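Here are the chains, one letter per residue:
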Amino acid sequence: MTNAFADATRLRDRLKTWATEAAYPLWWRVGADHGKGGFYEKIDLEGHPVDGPRRGRVLPRQIFSFAIAGALGWDGPWREAVEHGLAFYLSAYRRPDGLFRTLVGPHGESLDETAELYDQAFAMFALAAVAKALPARAQEAKAIAVAVREKLIAERKHPVAGFQLSNPPTTPLQSNPHMHLFEAMLAWNEVDGDPAWRALADEIAELALSKFIQAETGQLREFFDLDWNPAPGVEGRICEPGHQFEWGWLLLRWGELSSRPDATAAALRMIDDAETHGVDLARGVAINALLDDFSIHDDGARLWPQTERIKAAVLAAKITGEARYWDMAAAGAEGLLAYLRTPLTGLWRDKYQPDETFVDEPAPASSFYHIVLAILELDRAVGAAS
């Protein structure tokens, strides 16, 4: 094996140790609200929970994070953590119509009844993880997820493909919620035989290939009008390297599943371009946003694009057999580790600024899902290639 693979293996070991010995114990002991239920949105850098409103997209991420903890080797009470999160999620966030509200207070009181498409995607994604991790809850999880899926199809379906973000429709339409719907459909396709999961995954993949991805440059746009044309002005030109990596990872999976070399080629092009144009070599990290001509739009660097760089690289390495993708994976892991160097091990920084300093702020729980899924994908890829 190459030196890059050896580097990736070494970094995998460091990241798994960080997750199982520091992050999971801390986010269960401190990050879970053992009194009122659910999970806190943030832990400050001294290790204290920060209470406040709780978004409907964060709790399902925490449920997912603990649902894969056993696969990563954590021998703590991960099943209890999943049940703990699920109980609060279903009681506090689920509306009478079966969709999930966007914001609640610390005691589970509704603060915003909006059912955002993005949040419904994460509801279905987390429920797939519950079905896989807790077989006794699988039928219940499926019934809830199917209810969400069918409600969206009945009330939010776009006449071309995909979904409106709201009912009635509002602009701009966005590719990002569809990416997470795609992720959720692929997750359910792995654990359940209902062909509707795969059908919707296929539809979203085709929408990405035909509307989201620019034929000229291969980049994927973020914002659109109601007819799936690029949104007017600068907004319609924004392309995020983190999403190029993340869509690339998903389309590589779908391309293999569907025997679609065009999807694989499009995914590899996005991954390669994000690496070439969207990584700041001085900091060793993927930046936030480019424009459609590859010029820099936002050279800050959030944590989450680093995790998507790892996921895309290891799957590209597996599919192509090219050693350069192990170089990318190792570089991505090194970049991620910069965010994990905190006074209290098990936390993270979120915003890496162009002046090579981090914003001093509490660690957001929303990043945990990104981090542990990247570590799991890296671990699986290293294991398969060893």
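Note that the coordinates shown come from a computational prediction; the quantities given were computed from them, not determined experimentally.

Enquirer: Which parts of the structure should I look at to understand the overall build of the chain?
Expert: When its secondary structure is counted, the chain shows 13 helices and 15 strands. Against the globule reference of 21 Å for 386 residues, the chain gives a C-alpha radius of gyration of 20 Å, in line with a compact fold. Taken along its principal axes, the extent of the C-alpha atoms in the chain is 50 × 45 × 40 Å. A sequence separation of at least 24 residues applies to 65% of the contacts in the chain between residues at least 6 apart. A total of about 14300 Å² of accessible surface is found on the chain, and carbon and sulfur atoms cover 51% of it. Across the chain, the 39 positively charged side chains and the 55 negatively charged ones have centroids separated by 3 Å.

Enquirer: Looking at this model, I keep getting lost on helix 4 (residues 78-92). Mind explaining?
Expert: Three- or four-residue spacings in an α-helix give side chains the same orientation, since the helix completes a turn every 3.6 residues. Under the 1.5 Å per step criterion, the end-to-end length of helix 4 is 21 Å for 15 residues, consistent within 8% with the ideal 21 Å. For helix 4, every residue scored as buried is listed here: Trp 78, Ala 81, Val 82, His 84, Gly 85, Leu 86, Phe 88, Tyr 89 and Ala 92. Of the surrounding elements, those touching the buried residues of helix 4 are helix 1 (3-29), strand 3 (54-55), helix 2 (58-67), helix 3 (69-72), strand 4 (103-104) and helix 5 (117-133).

Enquirer: What am I meant to see in the pattern of salt bridges here?
Expert: Opposite charge on two side chains allows them to pair when their charged atoms are near. In this structure the tally under the stated criterion is 38 salt bridges. When the shortest N-O distance is used, the salt bridge between Asp 272 and Arg 324 registers 3.3 Å. Taken together, the positions of Asp 272 in helix 10 (residues 261-277) and Arg 324 in helix 12 (residues 324-339) put the pair 52 residues apart, joining distant regions of the chain. A salt bridge links Lys 351 to Glu 361; the nearest nitrogen and oxygen atoms lie 3.0 Å apart. Within this pair, whereas Lys 351 is found in strand 14 (residues 351-352), its partner Glu 361 is found in the loop between strand 14 and strand 15 (363-364), the two being separated by 10 residues in sequence. Using a relative accessible area of 32% as the deciding quantity, one classes Lys 351 as partly exposed. When salt bridges with common partners are traced through the structure, they connect Arg 12, Asp 13, Lys 16 and Asp 379 into a single cluster.

Enquirer: What am I meant to see in the side chain of Asn 176 here?
Expert: On the secondary structure map, Asn 176 appears in helix 7 (residues 176-191). What makes Asn 176 buried here is its relative accessible area of 13%. When sequence neighbours within four positions are dropped, the list of residues in contact with Asn 176 reads Tyr 118, Glu 222 and His 243.

Enquirer: How should helix 2 be read in this particular structure?
Expert: In terms of burial, helix 2 is largely enclosed, as 10 of its 10 residues are buried. For helix 2, the complete set of buried residues consists of Val 58, Leu 59, Pro 60, Arg 61, Gln 62, Ile 63, Phe 64, Ser 65, Phe 66 and Ala 67. Tucked into the core, helix 2 has its buried residues touching helix 1, strand 3, helix 3, helix 4, helix 5 and helix 13 (368-385).

Enquirer: Can you walk me through the sheet that holds strand 11 (residues 289-291) in this structure?
Expert: Reading across the sheet, the three strands line up as 8-11-12 and stay open at both edges, with antiparallel pairing between neighbours. Of all strands in the sheet, those bounded by a partner on one side alone are strand 8 (238-239) and strand 12 (296-298).

Enquirer: So what exactly am I meant to see when it comes to the packing of aromatic side chains here?
Expert: The way to describe two aromatic rings as a pair is by their centre distance and the angle between their planes. For the coordinates displayed, the defined rule picks out 30 aromatic pairs. An angle of 75° between the planes, with centres 6.2 Å apart, marks the rings of Phe 88 and Tyr 93 as edge-to-face. Among the aromatic residues, those joined into a ring-pair cluster are Trp 18, Tyr 24, Trp 27, Trp 28, Phe 39, Phe 66, Trp 74, Trp 348 and Phe 368. Its guanidinium or amino end placed over the ring of Phe 163, Lys 157 lies 5.2 Å from that ring's centre, counting from NZ or CZ. One residue, Arg 283, lies across the ring of Tyr 352, its end atom 5.5 Å from the ring centre.

Enquirer: Would you take a moment to explain the nonpolar core for this structure?
Expert: Counting 137 residues, the largest nonpolar core has Tyr 24, Trp 27, Phe 66, Met 124, Phe 182, Trp 247 and Trp 326 as its most contacted members. Discounting residues that sit within four places of it in the chain, Phe 182 has contacts with Ala 201, Ile 204, Ala 205, Trp 247, Leu 250, Leu 251 and Trp 254. Residues Phe 223, Ile 238, Ala 289 and Leu 291 belong to the second largest nonpolar core, which totals five residues.

Enquirer: Hey, could you run me through the environment of Glu 203 in this one?
Expert: Along the chain, Glu 203 falls in helix 8 (residues 195-212). Exposure remark for Glu 203: the relative accessible area of 24% places this residue in the partly exposed category. For Glu 203 and Lys 157, which are 46 residues apart along the polypeptide, the C-alpha to C-alpha distance reads 12 Å.

Enquirer: Teacher, can you tell me more about the sheet that holds strand 2 (residues 49-50) here?
Expert: Whenever strands of a sheet pair, they do so through backbone hydrogen bonds, lying parallel or antiparallel. With antiparallel pairing, the three strands of this open sheet are ordered in space as 2-1-15. Unpaired on one side and paired on the other, strand 2 and strand 15 mark the two borders of the sheet. Here strand 1 (residues 42-43) pairs with strand 15 via two bridges, running antiparallel. Of the residues in strand 15, the one forming a bridge with Ile 43 is Ala 363.

Enquirer: Teacher, can you tell me more about the packing of helix 9 (residues 241-258) against helix 10 here?
Expert: Relative placement of two packed helices is described by the angle separating their axes and the distance separating the axes. In contact at an axis separation of 8 Å, helix 9 and helix 10 are set at 155° when each is read in the N-to-C sense. With respect to helix 10, the axis of helix 9 lies roughly antiparallel. Crossing angle aside, the handedness with which helix 9 passes helix 10 is left-handed. Across the interface between the two elements, Pro 241, Gln 244, Phe 245, Trp 247, Gly 248, Trp 249, Leu 251, Leu 252, Trp 254 and Gly 255 from helix 9 touch Ala 263, Thr 264, Ala 267, Leu 268, Met 270, Ile 271, Ala 274 and Glu 275 from helix 10. Taken together, the residues of the contact of helix 9 with helix 10 break down into 13 nonpolar, four polar and one charged.

Procedures and definitions
Residues numbered from 1 in each chain as written. Predicted model: local features only at pLDDT ≥ 70, side-chain atom pairs only at ≥ 80, totals over all residues. Heavy atoms only, no water. Helix = DSSP H or I, 4+ residues; strand = E, 2+ residues; numbered from the N terminus. Rg over C-alpha atoms; globule rule 2.2 N^0.38 Å. Contact = heavy atoms within 4.5 Å. Areas by Shrake-Rupley, 256 points an atom, 1.4 Å probe, with all protein chains shown as cover. Lys, Arg positive; Asp, Glu negative; His and termini not counted. Charge placed at Lys NZ, Arg CZ, Asp CG, Glu CD. Expected span 1.5 Å × (residues − 1). Buried < 20%, exposed > 50% of the residue type's maximum accessible area, 1.4 Å probe, protein only. Salt bridge = Lys/Arg side-chain N within 4 Å of Asp/Glu carboxyl O. Pairing = 2+ DSSP bridges. Phe/Tyr/Trp six-rings, centres within 6.5 Å; stacked < 30°, edge-to-face > 60°. Lys NZ or Arg CZ within 6 Å of the ring centre and 35° of its normal. Core = buried A, V, L, I, M, F, W, Y, C linked by side-chain atoms within 4.5 Å. Axes fitted to C-alpha atoms, helices over the stretch in contact; angles between N-to-C directions. Parallel < 35°, antiparallel > 145°, perpendicular 65-115°, else oblique. Left-handed = near helix turned anticlockwise from the far one by under 90°. Nonpolar A, V, L, I, M, F, W, Y, C, P; charged D, E, K, R; others polar.

Any functional reading would require information beyond the geometric quantities listed.
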